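Here is how the chains run, residue by residue.
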Amino acid sequence: MKALKAVVVVAVSGSLLVGCGNKDWEGDVAFKVTKVNPGYESMGQIRPPYANLEIDQDEPKSIEPISTRVADLDQLPEGVAAGDLVTCEVRQTDESGFDQKGVRTDVGSCKSR
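Below is a summary of the structure that appears in this document. (Residues numbered from 1 in each chain as written. Predicted model: local features only at pLDDT ≥ 70, side-chain atom pairs only at ≥ 80, totals over all residues. Heavy atoms only, no water.)

1. Observations regarding the nonpolar core
Soluble globular proteins: nonpolar side chains tend toward being buried together. Cut-off, in case you're wondering: Throughout this description, the term nonpolar core refers to a set of buried Ala, Val, Leu, Ile, Met, Phe, Trp, Tyr and Cys residues connected via side-chain atoms within 4.5 Å. Burial classes follow relative accessibility: with a 1.4 Å probe on protein chains only, a residue under 20% of its type's maximum area counts as buried, one over 50% as exposed, and anything between as partly exposed. The way it works is that DSSP assigns letters per residue, a run of H or I at least four long becomes a helix, a run of E at least two long becomes a strand, and they are numbered from the N terminus. Residues are treated as being in contact if the distance between any of their heavy atoms lies within 4.5 Å.
Of all hydrophobic cores here, the largest spans 16 residues; its most connected members are F31, L53, L76, V86 and C88. For this core, the element with the most residues is strand β1 (residues 23–37), which contributes 4 residues. In this structure V86 touches V29, A30, F31, V33, L53, L76, P77, V80, C110, K111, S112 and R113, once residues within four positions along its chain are discounted.

Given below as structure tokens:
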């Protein structure tokens, strides 16, 4: 009987751990381009040109606030400039589980609004 109880406890504990695993959120988010930055070198690595983005809508019910982000220029419409309005695919992944790794936010393909 004790062995059966131990198996049930282990099975329930495993289910709880699986439930605490990855959380994902994705959706389209409206941004305003606030600045376009040239590429640069940092610690021997080349950083491609990128743009600073500021959210231009109500904050979505994502894993963590999106408010300001950056996106590589290759993800934005050609010729984008400060003041342009874009809609971008945003994906957040929370793989922290128990190691407190945090939430990763990726800004993908953007189009003009």
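Next comes the rest of the write-up.
2. As for the side chain of N37
Quick note on the threshold: Polar contacts, as counted here, are pairs of nitrogen or oxygen atoms within 3.5 Å of one another; within protein the pair requires one atom able to donate a hydrogen and one able to accept it, and residues that are adjacent in sequence qualify only if both atoms are side-chain atoms.
Residue position: N37 is located in strand β1. At 2.5 Å, the side chain of N37 and the side chain of N52 are in polar contact. In contact with N37, not counting residues within four places along its chain, are P49, Y50, A51 and N52.

3. Concerning the sheet that holds strand β5 (residues 68–72)
Where we set the bar: One requirement defines pairing of two strands: DSSP has to find at least two bridges between them. To define axes, lines are fitted to C-alpha atoms, for helices over the stretch in contact only, and angles between the resulting N-to-C directions are given on a 0 to 180 degree scale.
The strand order across the open sheet built from 5 strands is β5-β4-β1-β6-β7, with neighbouring strands paired in antiparallel fashion. Both edges of this open sheet fall to β5 and β7 (103–112), since each of them pairs with a single strand only. Going across the sheet, the axis of each strand differs from the next one's by a mean of 40°, ignoring polarity. Pairing analysis gives 10 bridges linking β1 to strand β6 (residues 85–94), with the strands arranged antiparallel. Bridging from a neighbouring strand, W25 pairs with Q92 of β6.

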